[in-house]
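Results of the structural survey
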Amino acid sequence: VITILAGGQESAIDINDLEVKNDFTFIKAAENGTTQTTLALEELAKSNPTITFIHKYPGFVNSGVIDRLLATAPGLFTIPATIGRWLILPVVNLFSMTVDEAGERVLFLATSSRYPASKMSGTAGVPLQPGMKVAEASVVKDGVINGVYRLGPNDESAKESPVLPGYRADGVDALVWEKTLSTWERALARSA
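Please read all numbers here as calculations on a predicted model, not as lab measurements. (Residues numbered from 1 in each chain as written. Predicted model: local features only at pLDDT ≥ 70, side-chain atom pairs only at ≥ 80, totals over all residues. Heavy atoms only, no water.)

**Side note on the overall build of the chain**
The helix and strand tally for the chain stands at six helices and seven strands. Secondary structure elements in the chain, listed N-terminal to C-terminal, are β-α-β-β-α-α-β-α-β-β-β-α-α. Along the longest, intermediate and shortest principal axes, the C-alpha atoms of the chain span 60 × 45 × 40 Å. Looking at the chain as a whole, 32% of its 192 residues are labelled buried. Taking as baseline every contact in the chain between residues at least 6 positions apart, the subset at least 24 positions apart corresponds to 65%. Total accessible area on the chain is roughly 11,800 Å²; 63% of this is exposed by carbon and sulfur atoms. Where the 17 positive side-chain charges of the chain centre and where its 21 negative ones centre are 2 Å apart. (Helix = DSSP H or I, 4+ residues; strand = E, 2+ residues; numbered from the N terminus. Buried < 20%, exposed > 50% of the residue type's maximum accessible area, 1.4 Å probe, protein only. Contact = heavy atoms within 4.5 Å. Areas by Shrake-Rupley, 256 points an atom, 1.4 Å probe, with all protein chains shown as cover. Lys, Arg positive; Asp, Glu negative; His and termini not counted. Charge placed at Lys NZ, Arg CZ, Asp CG, Glu CD.)

**Here's the deal with the sheet that holds strand β2 (residues 53-56)**
With respect to topology, three strands assemble into an open sheet ordered β1-β2-β7, the strand pairing being parallel. At either end of the open sheet lies a strand with only one pairing partner, and these are β1 (2-4) and β7 (148-151). If you compare each strand with its neighbour and ignore which way they point, the axes differ by 15 degrees on average. For β1 and β2, the ladder comprises three bridges, and the chain directions are parallel. (Pairing = 2+ DSSP bridges. Axes fitted to C-alpha atoms, helices over the stretch in contact; angles between N-to-C directions.)

The structure is reproduced here in structure tokens:
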């Protein structure tokens, strides 16, 4: 399972407001989503040890979406959007990844034996090239990996976040997963 959000960018969250209903901001929602995604994947890995879970931060991918968004700016926003489209975005795109490269990277993540599950079953994926090592799992306990990988834009293992060990010790991973399931159940009940 590959989730592309912001692996390695986890930060402190308000565990009493996991749905970000109080004092909503885009930043708070993004931070909550990032941290909760990693915690949820780690909880899922406990009951699915034959599945690899990857939370990747892709960096900036030039998908054209920002250009299309800026092109639709209405009224007074047209001028700054046009400046952004023609002056700033081309410079940013010099440092971005193409959609093709992003896709190739995800295909590599999905097929490489560099990211093994906690308990291997069957084939382990495409064998590693000489000199390539297995990636660092998000949790290693008594020499056993959990099968979850937090990756940066170049598919390198992210450094441990200062908040994750405390959340794991306090059982926040299970709390996040329980809250996720209850939110889905509530949403499905409304659509029935």
